[in-house]
Amino acid sequence: VATDRLSVNVLEATVAQKPVVRHLLELYDYDFSEIEPFGPASDVDEGGLYGYQGLDAYWTEPNRFPFLFRVGGRWAGLALVVRRRALLSPGEAFWMAEFFVMRKYRRRGVGASAATQLFARFPGRWEVGQVVENTAAQAFWRDVIGRYTGGRYREVALDEPAWQGPVQTFEGAPAAGDPRTP
Ligand SMILES: CC(C)(COP(=O)(O)OP(=O)(O)OC[C@H]1O[C@@H](n2cnc3c(N)ncnc32)[C@H](O)[C@@H]1OP(=O)(O)O)[C@@H](O)C(=O)NCCC(=O)NCCS
């Protein structure tokens, strides 16, 4: 098992890079088909694609932000961030709609670094949710958010139409990565 950490660049995806995002989302959906085999998007269509719905809005709506991860000059993952009505408090929150690290880059700090860069990029209230079945993602987000906030985050197990599963909430701050002093 490779244990050396990798450094990752988080780039806002341009409209010209939309096909890259779309292709990586196919791989993400494929991973998810193992976690949620009975989910609505767990099979490819007749053309052999999952066909992520609603992607275009990330280049047309002001509250949606698409990102690609770059490691050593290669695509290594993606994130889709949305600012929307908060689930756990009044007002708005940033929501990690999708977050994905390519398999060969996993467990080398890429996801943690990319997530922390995004929290710093969007200061303010954050909410991150995982589906109940995705226990690996729950371990990942508890670890990343726990370190980022120095343990100052709240987790709620939601079972509502809007979300079913754990949701962590905390404040993002511009000082990337450093646990803040009380
Ligand atoms: C979840 C995911 C983003 C993690 O990315 P990653 O780059 O491998 O994560 P990191 O290497 O930064 O991991 C940081 C820490 O999170 C925890 N963690 C990460 N993956 C884990 C796993 N599969 N099981 C348990 N803990 C995990 C560990 O504590 C890890 O530190 P360590 O490697 O020193 O033990 C990646 O596995 C992925 O893309 N999975 C499929 C898509 C997905 O589930 N996305 C999240 C949807 S909410």
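See the structure printed just above.
Because the structure is a prediction, the values reported are computed rather than measured.

Criteria and thresholds
Residues numbered from 1 in each chain as written. Predicted model: local features only at pLDDT ≥ 70, side-chain atom pairs only at ≥ 80, totals over all residues. Heavy atoms only, no water. Phe/Tyr/Trp six-rings, centres within 6.5 Å; stacked < 30°, edge-to-face > 60°. Helix = DSSP H or I, 4+ residues; strand = E, 2+ residues; numbered from the N terminus. Buried < 20%, exposed > 50% of the residue type's maximum accessible area, 1.4 Å probe, protein only. Pairing = 2+ DSSP bridges. Axes fitted to C-alpha atoms, helices over the stretch in contact; angles between N-to-C directions. Contact = heavy atoms within 4.5 Å.

*Asks:* Explain the packing of aromatic side chains to me, please; I cannot follow it from the model alone.
*Replies:* Each pair of aromatic rings is reported with the distance of its centres and the angle of its planes. One pass over the structure, following the stated rule, counts 17 aromatic pairs. Taking the centre distance of 5.7 Å and the plane angle of 75 degrees together, the rings of Tyr28 and Phe100 count as edge-to-face. Taken together, the residues span a long stretch of sequence, with Tyr28 in helix H1 (residues 18-35) and Phe100 in strand E4 (residues 92-101) at a distance of 72 residues. Here the two residues Tyr28 and Phe100 agree in accessibility, since each one is buried.

*Asks:* Please explain the sheet that holds strand E6 (residues 154-160) as it appears in this structure.
*Replies:* Strand pairing in a sheet is mediated by backbone hydrogen bonds. Such pairs are either parallel or antiparallel. Read across the open sheet, the seven strands follow the order E1-E2-E3-E4-E5-E7-E6; overall the sheet is mixed. Whereas interior strands pair on both sides, the edge strands pair on one side only; in this sheet they are strand E1 (9-12) and E6. On average, each strand axis in the sheet is inclined to that of its neighbour by 30 degrees, with strand direction left out of account. Looking at chain direction, E1 and strand E2 (residues 64-71) are connected through four bridges and run antiparallel. From the neighbouring strand, Asn9 faces E2, where its bridge partner is Arg70. Packing of helix H2 (residues 110-121) onto the sheet brings it into contact with E1, E2, strand E3 (74-85), E4, strand E5 (124-129) and strand E7 (163-172), and relative to E4 it is tilted by some 155 degrees.

*Asks:* I'm lost on the pairing of E6 in this one. Help?
*Replies:* Taken residue by residue, a regular strand's side chains alternate between the two faces of the sheet. Across seven bridges, E6 lies against E7 in antiparallel orientation. From the neighbouring strand, Arg154 faces E7, where its bridge partner is Thr169. Between E6 and E7, which follow one another and run antiparallel, lie two residues.

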